[in-house]
Each structure stands twice: as C-alpha cells, then as structure tokens.
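Each chain, written out:
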Amino acid sequence: MSRPDDHERVPPARGGSISARARAAASPPAIYLEGLNDEQRRAVEATEGPVLVLAGAGTGKTRVLTTRIAHLIATGKARPFEILSVTFTNKAAREMKERIAALIGEVGEGMPWLGTFHSISAKILRRHAELVDLRSDFTILATDDQLRLLKQILQAEGIDEKRWPPRQLAGLIDSWKNRGLGPDKVPPGEAGAFAHGRGGELYALYQQRLKTLNAADFGDLLLECLRLWRENPDILELYQNRFRYMLVDEYQDTNVAQYLWLRLIAQKRKNLACVGDDDQSIYGWRGAEVDNILRFEHDFPGATVVRLERNYRSTGHILSAASHLIAFNEGRLGKTLHTEDEPGEKVTVTGAWDSGEEARAIGEEIEALQANRHALSQIAVLVRVSAQMREIEDRFVQLGLPYRVIGGPRFFERAEIRDALAYLRCVNSPSDDLAFERIVNTPKRGLGDATLQILHNHARAAQVPLMQATRFLVETDELKAKPRNTLRNLMAAFERWSAMRETMPHHELAEVVLEESGYTDMWQKDKSADAHGRLENLKEFVRSMEEFPDLLSFLEHVSLVMERNEADNEDRVSLMTLHAAKGLEFDTVFLPGWEEGLFPNQRALDESGLSGLEEERRLAHVGLTRARRRAKIFFASNRRIHGMWNATVPSRFVDELPEESVEVTEAQAQFGGGFGGGFGGRPGGSRFDQIESFGSSYETPGWQRAQSRKAAGGFSDAGGGGWRGGGGRSGPTVIEGELVARSTGTESTFEPGARVLHMKFGPGTVAAVDGNKLTVEFDKAGRKMVLDSFVERT
DNA sequence: CTATTCTATATATCA
DNA sequence: TATAGAATAG
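It should be emphasised that the depicted structure is a prediction, and the values quoted were computed from it without experimental measurement.

**Some details on the packing of aromatic side chains**
Okay, so step 1: Counted according to the given criterion, the structure contains 24 aromatic pairs.
Okay, so step 2: Each ring, one from Phe548 and one from Phe554, has its centre 5.4 Å from the other, and the planes form 70°; the classification is edge-to-face. Both residues of the pair, Phe548 and Phe554, count as buried.
Okay, so step 3: Connected via pairs of aromatic rings, a cluster forms that spans Phe88, Trp113, Phe117, Trp229, Tyr239, Phe243 and Trp261.
Okay, so step 4: We note Arg286 situated over the ring of Tyr283; from NZ or CZ to the ring centre the distance is 3.6 Å.
Okay, so step 5: When the ring centre of Tyr259 is taken as reference, the NZ or CZ atom of Arg295 above it lies at 5.1 Å.

Okay, structure coming up:
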C-alpha cells in the first residue's frame with residue numbers, strides 16, 4: 001500500500017503556497033459541502049483546534065470525515081501528505097481513500113498518512129528503527145508467532161505450560177501493551193498473577209527475545225513508536241510539524257496506548273478531530289477505553305463538540321427501539337437520534353421453542369422476503385457468538401439459500417498462507433528463525449524435536465541464526481545421517497532459491513519454492529475436505545504477489561494489510577457476529593439469540609459486571625441500528641450450550657424495547673398452547689401458518705409463558721444440567737413432552753436403580769429414565785445422560 | 001518420528 | 001457437541 005512517498009522532500013506549505021492557492025481558486029466553490037446538514041457542515045468547517053464529533057449510528061460519519069479532508073485540501077489549508085488520518089481497519093482506510101478520491105479527484109498515493117494506527121506506526125518505526133533497537137527490516141509478528149515465542153520462553157524458564165498457558169500470558173502482555181505499559185511499568189499486582197509473580201519478568205524476557213529476533217508484535221508498533229517519540233523529542237517535533245491536521249475515526253475504540261500516541265502527536269498544533277460514538281463502543285474487552293471519548297473535552301480544553309443526531313438510515317420504529325434501549329445505559333454522553341423517515345415496520349420479537357425452530361423461522365422469513373423480490377445481499381443475520389452460526393448455516397444449506405459468512409479467520413492467518421509466507425521469509429532473510437522453525441518440518445521431512453533441539457543448542461551457543469547453525473552442523477557428524485542429509489538438501493534448496501531471486505520475478509519464485517519444497521505436493525496428497533480450498537488459497541497468494549513490485553515490499557506489507565479480497569457480487573444473505581457488523585447496514589436485519597446468558601453474555605456479566613452489561617447493551621444497539629427498514633429479534637426457550645440443552649429466558653434487552661415500536665409474534669403456533677400438542681415435530685410444515693401475529697402487545701401465549709418461566713428463575717434454577725433431572729424433578733412438563741417427542745418414541749425398558757454397563761463409561765446405576773434417554777450415575781465417569789441403546793443390563 | 005487416542009475447553013477480534 | 005492440543009502407543 002504505502003510506497004515511499006515522493007512528497008516527503010517538498011518544503012512544508014506555508015498558509016497557502018502558490019500551488020495550494022491556485023488549487024483552491026481553481027476548484028468551484030465547495031460543491032462538496034452541498035447536501036450536508038447544518039451539524040455535518042459545522043463538523044467539516046471547524047478546522048482549527050480540537051474537535052469532537054459525536055456521530056450516532058447512520059448520521060453520516062464517514063461522509064463528514066471524508067468531506068473534512070476534502071475541505072482541508074481544497075481550501076489549501078493542508079496538502080494531502082500533511083494530513084494524518086487514522087482508522088482502525090484497513091477496510092475503513094481503503095474506503096476512505098476511495099471516497100476522498102471520488103470527492104476531489106484521484107489522490108492515490110497522495111494521502112500517505114491515511115491508514116490504521118498500526119500501519120502508520122510501522123511506517124514511522126521503519127524510518128527510525130535503530131533508535132528503538134530494531135533494524136528497519138524488522139518483521140511484524142502475528143499472533144501465532146507470538147504464542148510460539150512465549151511457549152519457548154515458558155519452556156526455557158521451566159514453567160508448567162499446563163498451569164500457566166502461553167495464551168494467558170499473551171493476553172496479559174497484550175493488555176499491558178494496550179495500556180501503554182512497558183515491562184518496567186507493569187503494576188506489581190498484575191505481574192504477580194502469573195506464574196507466582198514472574199509475569200513481569202517473563203514480559204521483559206519476551207521483549208528481549210523480540211529484539212534479538214528483530215521483530216515487533218502488533219502492540220509494539222504503537223508502544224515503540226511512543227518510546228521513539230518520548231526519547232527523541234527532535235523526531236517527535238518532526239512529526240508534530242508535519243501533521244498540520246489530524247483526524248481519528250471510531251475514537252470510542254481507541255485504547256490507552258493509542259490515546260497517548262495521539263496526544264503526543266497533537267500536542268503542538270492541536271488540530272485534532274475525533275469522530276466517534278460512545279454508544280457504539282463494543283471493544284472494551286480488547287482494551288478500548290470509552291473513557292477516552294467521555295474525557296475528550298477535559299483532555300483537550302476548548303474543544304468544539306458537534307453532535308450528529310439526524311439519522312439517515314433507519315425508519316422511525318427501528319430508531320426509537322434502538323434509542324429507547326440504549327437510554328438504559330448510564331455512562332454515556334447522551335445523544336438523541338431522530339429521523340425524518342416514516343415510522344415503517346415495527347421491530348418484531350419472535351419467540352421460538354428452540355434454536356432449531358429459530359433457525360427455521362429465520363429461513364422461512366428470508367424465503368418470504370425473497371419471494372417479494374428482496375435482494376438477499378440486503379439481508380443480514382447478526383449473532384452474538386459464532387457458535388450460533390452453525391445451526392443457521394445448516395438451515396440455509398437445507399433451504400438452498402445462498403449465504404456468506406463475514407469475518408472468521410483472515411486470509412493471511414490461514415495455516416497454508418503463513419507457511420508459504422514463512423518459506424519466503426527464509427529466502428528473504430536467512431536469520432528469520434521463527435519462519436525457519438515453522439517450515440523445517442513442513443511438509444514432514446522426518447525432523448523431530450530431537451533434531452531441532454540440536455540445532456537450537458548450537459545456534460544459541462554460537463549466537464547465530466538457526467539457518468546458519470544448520471549449515472554448519474550438516475558438515476559435522478553431530479547429527480544422525482538421515483536428518484543430516486535432509487537438512488543438507490534443504491539448505492541447498494534455500495541457496496538455490498536465493499540465487500534465483502536475481503533472475504526471476506518474485507511471484508514465479510514463490511511458485512518454484514512451494515513446488516520444490518514439496519509444500520504444494522503435501523496438500524495435493526492430502527485428501528481432507530479443505531485441502532482443495534487451501535491449494536486455491538495458495539494460488540491466490542501467489543497471484544496477489546504480482547501486485548507488489550518485489551519480494552521485499554510484499555513481505556513488508558502482508559502482515560499488516562493483506563486481506564481476503566472477496567470480490568463477490570453474488571446475491572447472498574450475510575451471516576456474521578454483531579461485532580463484525582459494526583459499520584455495515586442492511587435493509588433487513590435478523591437478530592437471533594436474544595436470551596439471558598447468551599445476550600447479554602454471561603461471561604461479559606461475570607467478568608465486567610455493570611460495565612459489561614452496558615457494553616452488551618451497546619452491542620444490541622449496534623445490531624438494531626444496522627437495519628434500514630426491518631429489524632427482527634428472536635429468542636429461543638431452549639438452546640444447547642456446549643452440547644448440553646438449557647432452558648433459556650428472553651433477554652432483558654427485549655423488555656427494554658419500547659412497546660409501541662415492537663410487535664410480538666410466535667414462531668410456531670403448534671407449541672403456542674404449551675401442553676398436549678407438540679408431538680411428532682413435523683419438519684418443514686407449511687410456511688406461514690407458523691408465524692402468527694398476535695398484534696402489537698406482549699400478550700401472546702408464548703410471551704407469557706416465557707415471562708412466567710423467567711419469573712420462576714429460569715434455567716439457572718433448573719439444576720444446571722438442563723433436562724437431565726428428567727423423571728424425578730419437577731421440570732416444566734412441556735420440556736419432557738418435547739424430549740419424548742424427539743426421541744425414538746419407545747419408552748425405555750430400564751428403570752431407576754438398574755445396574756448397567758456402558759461401552760465407554762463402564763458400569764453404573766440408572767438414576768432417572770426419560771423416554772429412551774437415561775441418566776446414569778457411572779461408577780467412574782460420574783453422572784451422564786446416555787441413550788438406552790448404548791448400555792446393556794448387567 | 002508419526003499416528004492414534006485422550007482430555008480439556010468453549011465471547012467478541014483488530015492490526 | 002466439536003475441536004485443538006497433548007499424551008501415548010506403535
């Protein structure tokens with residue numbers, strides 16, 4: 001993305017250089033300002049001093065941001081390379097570039113300082129790497145490299161990985177880095193929480209390792225940038241002077257490190273404009289500090305605050321539902337969204353018997369919409385946790401509904417891509433130990449722990465990179481004959497490839513390397529389901545290299561900016577998590593799983609209490625405000641959690657919606673009466689008779705049933721194990737009826753107290769019988785629910 | 001060293 | 001229930 005920009009040496013503009021003035025004069029009077037409402041216009045034109053734009057969902061935030069940049073350039077206040085513009089995702093950065101280009105004509109590389117915090121920091125660090133003990137070709141460590149490194153450190157320190165998982169340490173280090181804390185500044189209490197007080201020490205060791213590897217992890221990009229500026233005031237001043245204007249998108253998502261970063265860089269000119277929405281802060285768990293936005297006026301005295309409250313996206317009912325809900329939060333700056341759009345359809349709340357029925361109902365509603373010529377690409381299903389996706393996907397597959405999952409593992413995080421990358425990193429830099437380790441035995445070459453250990457020992461003893469140690473060792477008899485030959489061949493191959501670099505375009509070289517190393521072969525021989533897809537990914541990987549001039553620039557940027565390019569214009573339903581949906585909008589949005597425990601998520605509540613709840617509520621608000629014309633909420637009364645069925649209760653958020661904007665329906669009339677019916681669950685069934693509207697009230701049978709269950713204490717009182725209590729317990733009759741209906745229908749011949757033998761769990765005593773399901777107290781395995789066909793009488 | 005069996009674990013995710 | 005990673009057997 002960012003090639004070295006050639007504007008660097010142009011002397012800084014002074015008020016209005018001739019060219020800038022000429023440009024300003026040449027452009028017709030501010031066409032780009034047309035169509036903005038008063039507030040938006042104010043946000044664009046308040047160029048001087050600190051500005052906070054509180055932009056509610058759908059109020060034209062991105063438009064303000066891009067117009068503001070266009071305005072700065074068109075009026076000659078700054079040239080493109082004097083504007084620092086920070087976003088959180090590459091996607092946002094890309095979109096912004098496109099929109100600016102559309103406004104003021106092609107800027108292309110002219111906005112070199114528009115990017116993510118990380119890419120901008122990396123760019124700065126590469127220029128001054130030596131000042132923070134790195135070389136300018138340092139590698140950027142992805143999460144899995146980071147974990148491997150930590151694991152090595154834990155092993156070297158003799159710390160039990162079981163008791164102190166590397167992941168946990170990685171999480172801790174991350175959270176310290178998010179708060180701008182170096183190893184020396186870690187609060188003793190927190191450092192003590194890991195491995196008997198060795199947390200801080202391990203953090204320091206990790207940082208030390210990074211330096212010797214000439215590597216930085218994502219957190220370091222920011223942290224080292226901070227250190228660079230703090231320790232070198234002259235360099236700080238350089239950047240303070242260069243950036244005449246600064247803009248930050250999604251300010252509510254900034255963490256402490258990013259806040260400090262901004263504060264340093266904005267200290268001098270103070271032309272910092274932050275755009276954000278405290279009601280859309282949903283990343284507290286990864287270090288975002290809502291406080292940053294709540295404190296803005298305090299941190300930047302004299303700040304101009306502009307509120308954007310006119311929503312251009314959603315209809316009245318949707319907006320009032322979202323506003324009413326979010327008003328239950330206490331820690332907020334307070335905005336009142338309004339629209340001049342018509343009220344539109346009410347938000348629907350639909351209760352379903354279980355998650356399967358919920359998925360069915362969604363599928364059917366989508367088919368109905370489809371029959372009404374609703375574009376599938378304008379429909380989204382937003383879930384709280386990705387585990388919810390499977391059942392919905394299953395349903396879509398059955399119905400033949402085209403869908404796409406948004407989010408999930410990124411292209412460059414896939415194993416095959418990281419492997420391929422590791423090969424290239426080795427070709428590029430023989431001292432890249434992490435890359436070498438990754439691929440020495442991939443594909444399998446018969447090199448195991450033992451061999452690797454020898455390499456490691458020598459490398460450490462001689463203070464040389466692994467590859468160099470290997471080159472030396474294959475000429476000695478330190479190694480057994482077999483691994484020695486294997487390694488010698490591998491080293492020869494790397495030498496060959498390095499030589500080819502001179503004579504061959506880098507993407508062809510990549511092909512050769514993957515072919516000759518046997519890597520492509522490995523996947524071709526693999527006959528698992530996803531092997532084909534992996535080969536496709538590898539092809540795409542090689543193809544994507546063509547977009548870069550050479551291997552070096554490719555490597556330098558993949559870790560930060562490579563994304564799966566989904567040039568998919570097909571008409572499909574989108575399925576994603578609520579988090580992934582931020583910033584998107586759809587005509588129709590389905591919101592399944594509004595149940596206590598799932599949403600608001602129990603874990604969020606347990607770990608963060610009230611602030612956790614408020615973040616969950618903001619997430620609900622984000623979900624609702626993604627919808628332009630239709631928002632459809634669902635909850636199920638029974639859901640499987642970690643494979644165990646649980647009775648669930650509608651989310652409190654459902655109760656926080658304004659009654660006048662909500663319509664309550666029932667997914668399946670069959671169970672509406674509660675008792676008696678419900679046997680013989682017919683799959684499919686007719687399409688519309690199941691979704692009955694009982695008018696806009698909270699008085700449908702299902703609703704009341706759900707409420708009474710809620711009042712009765714819900715699943716938490718049901719013994720924790722869902723239905724396992726069966727016979728003995730006084731669980732809701734309906735549940736048992738349903739359970740029997742789901743089973744083969746034959747009543748088990750076992751009775752409580754019978755001794756049985758299970759093929760897996762061994763001997764046990766039947767505690768309860770429920771249809772053909774038994775609850776057995778096993779002598780060894782404990783209490784489990786099993787099908788009677790899996791045990792025999794003893 | 002590799003293949004199999006076993007066991008622990010399960011919010012969200014950006015760079 | 002599903003999966004990833006570790007222990008164990010071959």
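Let's pick the thread back up.
**With respect to the nonpolar core**
Okay, so step 1: Ranked by internal contacts, the top residues of the largest apolar core, which has 70 residues, are Leu84, Trp229, Tyr251, Trp261, Ile265 and Leu272.
Okay, so step 2: When near neighbours in sequence (up to four residues on either side) are disregarded, Tyr251 contacts Tyr259, Leu262, Cys274, Val275, Gly276, Asn292, Ile293, Phe296 and Phe300.

**Details of the packing of helix 5 (residues 117–127) against helix 12 (residues 256–266)**
Okay, so step 1: At their nearest, the axes of helix 5 and helix 12 sit 12 Å apart, and the two run at 55° to each other. The angle between helix 5 and helix 12 falls in the class oblique. Of the two elements, helix 5 crosses helix 12, and the hand of that crossing is left-handed. Listed contacts from helix 12 to Phe117, His118, Ile120 and Ser121 of helix 5 are Gln258, Trp261 and Leu262.

**Things to note about the protein's contact with DNA strand C**
Okay, so step 1: In the neighbourhood of DNA strand C, the contacting residues comprise Lys151, Lys162, Arg390, His642 and Gly643.
Okay, so step 2: A share of 82% of the atoms of DNA strand C within 4 Å of the protein falls on sugar and phosphate groups.
Okay, so step 3: In this structure, a phosphate oxygen belonging to DNA strand C sits 3.5 Å away from a side-chain N or O atom of Lys151.
Okay, so step 4: At a separation of 3.4 Å, a phosphate oxygen of DNA strand C approaches a polar side-chain atom of Lys162.

**Description of the sheet that holds strand 3 (residues 114–116)**
Okay, so step 1: Strands sit in the order 3-2-6-7-1-8 across an open sheet of 6 strands; the sheet is parallel. One side of each edge strand has no neighbouring strand; the edge strands of this open sheet are strand 3 and strand 8 (304–308). Within this sheet the neighbouring strands show an average axis-to-axis angle of 15°, counted without direction.
Okay, so step 2: Those strands touched by helix 3 (residues 61–74) are strand 1 (51–55), strand 2 (83–87), strand 6 (245–248), strand 7 (272–276) and strand 8, and its axis lies near 170° from that of strand 6.
Okay, so step 3: Sheet strands touched by helix 12: strand 2, strand 6 and strand 7. Its angle to strand 6, the strand with the most contacts, is close to 165°.

**Observations regarding the pairing of strand 9 (residues 347–354)**
Okay, so step 1: Strand 9 sits mainly inside the fold: 8 of its 8 residues count as buried.
Okay, so step 2: With 5 bridges connecting them, strand 9 and strand 16 (residues 662–666) associate as parallel partners. When the bridges of strand 16 are listed, Val349 appears paired with Val664.
Okay, so step 3: Examined bridge by bridge, strand 9 and strand 14 (residues 627–641) share 6 bridges and lie parallel to one another. What sits directly across from Thr350, in strand 14, is Phe634.

Basis of the calculations
- Residues numbered from 1 in each chain as written.
- Chains lettered and ligands numbered in written order.
- Predicted model: local features only at pLDDT ≥ 70, side-chain atom pairs only at ≥ 80, totals over all residues.
- Heavy atoms only, no water.
- Phe/Tyr/Trp six-rings, centres within 6.5 Å; stacked < 30°, edge-to-face > 60°.
- Buried < 20%, exposed > 50% of the residue type's maximum accessible area, 1.4 Å probe, protein only.
- Lys NZ or Arg CZ within 6 Å of the ring centre and 35° of its normal.
- Core = buried A, V, L, I, M, F, W, Y, C linked by side-chain atoms within 4.5 Å.
- Contact = heavy atoms within 4.5 Å.
- Axes fitted to C-alpha atoms, helices over the stretch in contact; angles between N-to-C directions.
- Helix = DSSP H or I, 4+ residues; strand = E, 2+ residues; numbered from the N terminus.
- Parallel < 35°, antiparallel > 145°, perpendicular 65-115°, else oblique.
- Left-handed = near helix turned anticlockwise from the far one by under 90°.
- Near = heavy atom within 4 Å.
- Polar contact = N/O pair within 3.5 Å; in protein donor to acceptor, adjacent residues only side chain to side chain.
- Pairing = 2+ DSSP bridges.

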